[in-house]
Amino acid sequence: MAARTGRIHSLETFGTVDGPGIRFVLFMQGCAMRCLYCHNPDTWNASDGREVTVEEILAEIEPYIPYYDRAGGGLTVSGGEPTLQAPFVAELFKAVKERWGLHTALDTCGFCEPSPVLDELLQYTDLVMLDLKEMDAERHKALTSQPLDRIHRFARHLAERKQPAWIRFVLVPGLTDSEDNLMQLGTFIEKELPNVEKIEILPYHRMGIYKWEELGLEYKLHDVPDGTPEDVERARNIIEAARRQVREQRTVSQTVNG
Ligand code: SF4
């Protein structure tokens, strides 16, 4: 049987921001979203990048296993959008678990339909890092070029599976930071996603602009300033206030209903 292959954009052997501990981070090629603030537009085209086998990636990971073990880290597959190559990622996750018992994390935008092949991948995934970007359907379409409902279906699917998840939210000044969006985000998480263990708020930054220019793409957020720690603090407070509200309403209705 031919070895399973995947197309990757790049890899990092000492990642510290994509999941717990020190991690091997594999960036897959291909993404159907077109987020206005994307840092990696060079991952979009599914036929670019490098074709690799699962064994090749395992050989890249192997020398660093003691570091990942010691630091409570593991393997993160990111992108691009890794679920577009779910069979490859599933085989890779399965192999690292069987060989080294490594922790696995899937960093995804959630733009994928629940399916048997996706469930197979989730079965070998210890942590899903799910990007939620904008809670209003029209604004979501304008920001990412894709509809919101599919992402929420995926989020609910993770909750049904009790799949441990972190939410990653990019705070873009003037775009995703409205009080309304943050309240809706907090409410959605508290009401529907009991599997969420952590919310990471990532401030928008302009580091990827040069890639848009290199690719001849028009970058539309030139006038948007970088997010600040104060912006993040404000957003966190609003999200947490929304979550508290949901919890209080729950307590009231439990009391009323005996
Ligand atoms: S989902 Fe991620 S990789 Fe895809 S366009 Fe958006 S930010 Fe870029």
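Please read all numbers here as calculations on a predicted model, not as lab measurements.

Caption draft 1: Structural context of the pairing of strand β5 (residues 103-108). Counting buried residues in β5 gives five out of six residues, a clear majority hidden from the surface. Relative to β5, strand β4 (residues 74-78) is paired through four bridges, and the arrangement is parallel. By the bridge assignment, Thr 76 is partnered in β5 with Ala 105. Pairing between β5 and strand β6 (residues 127-131): four bridges, direction parallel. By the bridge assignment, Ala 105 is partnered in β6 with Leu 127. In this view, the connection linking β5 to its parallel neighbour β6 by way of helix α4 (residues 116-123) has right-handed handedness.

Caption draft 2: Summary view of helix α5 (residues 137-144). When α5 is considered as a whole, its buried residues turn out to be His 140, Leu 143 and Thr 144. Mapping the buried residues of α5 onto a view down its axis gives an arc of 75 degrees, with all of them on the same face. Turned more than 90 degrees off the buried face of α5, the exposed positions are Glu 138 and Ala 142. At its buried positions, α5 is contacted by α6 (149-160). You can read the cap of α5 off the contacts: a side-chain oxygen lies 3.2 Å from the backbone nitrogen of Glu 138, and it is on Asp 136. The positive-phi residue at the C-terminal boundary of α5 is Ser 145, with phi of around 75 degrees.

Caption draft 3: The UniProt feature "domain: Radical SAM core" (unreviewed entry) in the protein chain, seen in detail. Residues annotated in UniProt with the feature "domain: Radical SAM core" (unreviewed entry) correspond here to residues 17-248. End C-alpha atoms of residues 17-248 are separated by 33 Å, and the span's content is 42% helix alongside 18% strand.

Caption draft 4: Structural view of the packing of aromatic side chains. Applying the stated criterion to the full structure yields five aromatic pairs. Judged by centre distance (5.6 Å) and plane angle (85 degrees), the rings of Phe 14 and Tyr 64 are edge-to-face. Taken together, the residues Phe 14 in strand β1 (residues 5-15) and Tyr 64 in the loop between α1 (54-61) and α2 (65-70) connect sequence positions 50 residues apart. Classification of Tyr 64 by relative accessible area gives partly exposed; the value is 24%. A centroid spacing of 5.3 Å and a plane angle of 85 degrees characterise the contact between Trp 44 and Trp 212, whose relative ring orientation is edge-to-face. Of this pair, Trp 44 sits in the loop between β2 (23-28) and β3 (50-53) while Trp 212 sits in helix α8 (residues 209-214); the two residues are 168 residues apart in sequence, bridging distant segments of the chain. When its relative accessible area of 11% is taken as the criterion, Trp 44 is described as buried. Given a relative accessible area of 5%, Trp 212 falls into the buried group. Chaining the aromatic ring pairs together yields one cluster made of Phe 14, Tyr 64, Tyr 67 and Tyr 68.

Caption draft 5: A look at a negative patch on the surface. On the surface, Asp 136, Glu 138, Glu 179 and Asp 180 cluster together into a patch of negative charge. Looking at the secondary structure, you find Glu 179 in helix α7 (residues 179-192).

Caption draft 6: Broad picture of the site of the ligand. Near the ligand you find Cys 31, Met 33, Cys 35, Cys 38, Trp 44, Gly 80, Cys 109 and Lys 133, and these make up its full shell. Tallied by class, the residues present in the shell around the ligand amount to six nonpolar, one polar and one charged.

Caption draft 7: Structural detail: the environment of Pro 194. Relative to the helices and strands, Pro 194 resides in the loop between α7 and β8 (196-203). Remark: the alpha-carbon pair of Pro 194 and Glu 160, spanning 34 residues in sequence, is separated by 9.2 Å. In this view, Pro 194 contacts Ala 159 and Ile 189; residues no more than four positions away in its chain are not counted.

Conventions and cut-offs
- Residues numbered from 1 in each chain as written.
- Predicted model: local features only at pLDDT ≥ 70, side-chain atom pairs only at ≥ 80, totals over all residues.
- Heavy atoms only, no water.
- Buried < 20%, exposed > 50% of the residue type's maximum accessible area, 1.4 Å probe, protein only.
- Helix = DSSP H or I, 4+ residues; strand = E, 2+ residues; numbered from the N terminus.
- Pairing = 2+ DSSP bridges.
- Right-handed = clockwise from strand over helix to strand, strands pointing away.
- Arc of directions from axis to C-beta.
- Contact = heavy atoms within 4.5 Å.
- Polar contact = N/O pair within 3.5 Å; in protein donor to acceptor, adjacent residues only side chain to side chain.
- UniProt positions renumbered as here; feature names shortened; annotations may be inferred.
- Phe/Tyr/Trp six-rings, centres within 6.5 Å; stacked < 30°, edge-to-face > 60°.
- Patch = residues over 30% accessible without salt bridge, like charges linked within 9 Å, V, L, I, M, F, W, Y side chains within 5 Å.
- Areas by Shrake-Rupley, 256 points an atom, 1.4 Å probe, with all protein chains shown as cover.
- Salt bridge = Lys/Arg side-chain N within 4 Å of Asp/Glu carboxyl O.
- Lys, Arg positive; Asp, Glu negative; His and termini not counted.
- Charge placed at Lys NZ, Arg CZ, Asp CG, Glu CD.
- Near = heavy atom within 4 Å.
- Nonpolar A, V, L, I, M, F, W, Y, C, P; charged D, E, K, R; others polar.

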